[in-house]
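Here are the chains, one letter per residue:
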Amino acid sequence: MTGRPSGPFRVGDRVQLTGPKARLHTVTLREDGELHTHHGVLRHRDLIGQPDGSVVVNSSGHEYLALRPLLRDFVMSMPRGAAIVYPKDAAQILAQADVFPGATVVEAGVGSGALSLWLLRAIGGEGRLISFERREEFADVARANVETFTGTAPSNWDVVVGDLVAALPEAVAPASVDRVVLDMLAPWECIDVVADALTPGGVVVCYVATATQLSRVAEYIRGTGLFTEPDANETMVRGWHVEGLAVRPDHRMVAHTGFLVWARRLAPGAVPPEVRRRASKSSYGDEDVELWTPGAVGDRQITDKNLRKRVREARRAADGARHAAGGADGNERAAPLD
């Protein structure tokens, strides 16, 4: 990030407003901007110049708490071209992959840029993030979302539009990548090229939605003989209502969003000790493989019209962020995301 996200609100800042009945509104501040709800009108100029955490009153006397969004808030409300990696899963990816300051990280696909923001923050100014995306429209949304949050384009982030299998060998040297995160429909198709790019001891993490995807990618990683035994889990978060003695679980929770499976690259020629397992139905045949195909797994598509709308929304937000950061011409390259 170009600077600590604090100080008085400025034109171009994104602000999260909590109004009556705890309803949230996220706005980008403009000189003549207004937030219209059935509770009245809140003028943006009443917020500009106020410190973070202020309370302002709209035309009907209703109070709104104004805060800059945290990264977790931003990724949940930003324009989306593709589905995002939820904060609970992003936190586990950073932990299980042990993403560290200065790391060289490869990400595919970039989606809407949610995970890119978490990775950029984790690798710091000395690290490098290379994000691969097959669709130019999704890459545009991701670039705009990252620029909206950071105020400009991080100089240590490269977005490559193309297929990872074909483009990765041209983008990085063999055995030079510390961490690889695959968020795609069929990550097993990329494991061989990922193995060539990873340094010995490096980590690959795959984020998949279904149990059939989880099974196939784990078996593929195991079958290469190039990685440690794969581990897998899912993360479910249950909130709690805490008010006096009324302490109970929330009625709703964020349950399954995806599975994580990860493994570490072995040294060239290394053969890990054999893992002794109890007898089980672990073998699979051609019929099982057919259930693992991308078509059987399913892929929800966004319409072109909806995607163009998301791109416009993301670009408008990025323009406002550049204005707030003082880079009105949009051509400046930023300091890396810290």
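Coordinates for the structure precede this section.
These numbers come from a predicted model, not from an experiment. (Residues numbered from 1 in each chain as written. Predicted model: local features only at pLDDT ≥ 70, side-chain atom pairs only at ≥ 80, totals over all residues. Heavy atoms only, no water.)

*Asks:* How would you summarise the overall build of the protein chain if you had to cite specific residues and measurements?
*Replies:* Looking only at helices and strands, the protein chain has ten helices and 17 strands in total. A buried classification covers 44% of the 338 residues belonging to the protein chain. Across the protein chain, the fraction of contacts at a sequence separation of at least 24, relative to all contacts at a separation of at least 6, is 67%. Here the protein chain displays about 17,700 Å² of accessible surface, and carbon together with sulfur accounts for 51% of that area. (Helix = DSSP H or I, 4+ residues; strand = E, 2+ residues; numbered from the N terminus. Buried < 20%, exposed > 50% of the residue type's maximum accessible area, 1.4 Å probe, protein only. Contact = heavy atoms within 4.5 Å. Areas by Shrake-Rupley, 256 points an atom, 1.4 Å probe, with all protein chains shown as cover.)

*Asks:* An account of the environment of Thr-210 is needed here, citing residue identities and associated values.
*Replies:* With respect to the helices, strands and loops of the structure, Thr-210 is situated in the loop between strand S12 (198–208) and helix H7 (211–224). For Thr-210, a relative accessible area of 25% corresponds to the partly exposed category.

*Asks:* Before we move on, could you go through the sheet that holds strand S5 (residues 54–57) and cite the residues and values that matter?
*Replies:* Within a sheet, each strand pairs with its neighbour through backbone hydrogen bonds, oriented either parallel or antiparallel. If you walk across this open sheet you meet the four strands as S2-S1-S6-S5, and the pairing is antiparallel. The strands lining the two open edges of the sheet, one partner per strand, are strand S2 (24–28) and S5. Geometrically, the sheet is characterised by an average inter-axis angle of 30° between neighbouring strands, direction not taken into account. Pairing geometry for strand S1 (residues 14–18) and strand S6 (residues 63–67), over three bridges, is antiparallel. Note on S6: the bridge partner recorded for Leu-17 is Ala-66. (Pairing = 2+ DSSP bridges. Axes fitted to C-alpha atoms, helices over the stretch in contact; angles between N-to-C directions.)

*Asks:* Can you explain the environment of Arg-248? Please cite residues and give values.
*Replies:* Inspection of the secondary structure puts Arg-248 in strand S15 (residues 246–249). What makes Arg-248 partly exposed here is its relative accessible area of 33%. Discounting residues that sit within four places of it in the chain, Arg-248 has contacts with Trp-240 and His-241.

*Asks:* Mind laying out the packing of helix H2 (residues 87–97) against helix H3 (residues 114–123), listing which residues take part and the relevant values?
*Replies:* Taken N-terminus to C-terminus, the directions of H2 and H3 make an angle of 40°; their axes are 10 Å apart at the nearest point. For the element pair H2 and H3, the recorded crossing hand is right-handed. Contact with H2, carried on its side by Pro-87, Ala-90, Ile-93 and Leu-94, involves Leu-115, Trp-118, Leu-119 and Ala-122 of H3 and no other residues of that element. Looking at the contact of H2 with H3 residue by residue, the classes come out as eight nonpolar, no polar and no charged. (Left-handed = near helix turned anticlockwise from the far one by under 90°. Nonpolar A, V, L, I, M, F, W, Y, C, P; charged D, E, K, R; others polar.)

*Asks:* Would you mind going over the pairing of strand S3 (residues 34–37) in detail, with residue names and values included?
*Replies:* Relative to strand S4 (residues 40–43), S3 runs antiparallel, the two sharing four bridges. For Leu-35, the partnering residue across the bridge sits in S4 and is Leu-42. If you look at the hairpin formed by S3 and S4, you'll find two residues sitting between the two strands.

*Asks:* Tell me about the packing of helix H4 (residues 136–150) against helix H10 (residues 304–325), and please be specific about residues and values.
*Replies:* Across the interface, H4 lies against H10 with an axial gap of 8 Å and an inter-helix angle of 25°. Classified by the angle between their axes, H4 and H10 sit roughly parallel to one another. As H4 packs across H10, the resulting crossing turns out to be left-handed. Residues Glu-137, Phe-138, Asp-140, Val-141, Ala-144, Asn-145, Glu-147 and Thr-148 of H4 touch H10, and the partners they reach there are Leu-307, Arg-310, Val-311, Ala-314, Arg-315, Ala-317, Ala-318, Ala-321 and Arg-322. (Parallel < 35°, antiparallel > 145°, perpendicular 65-115°, else oblique.)

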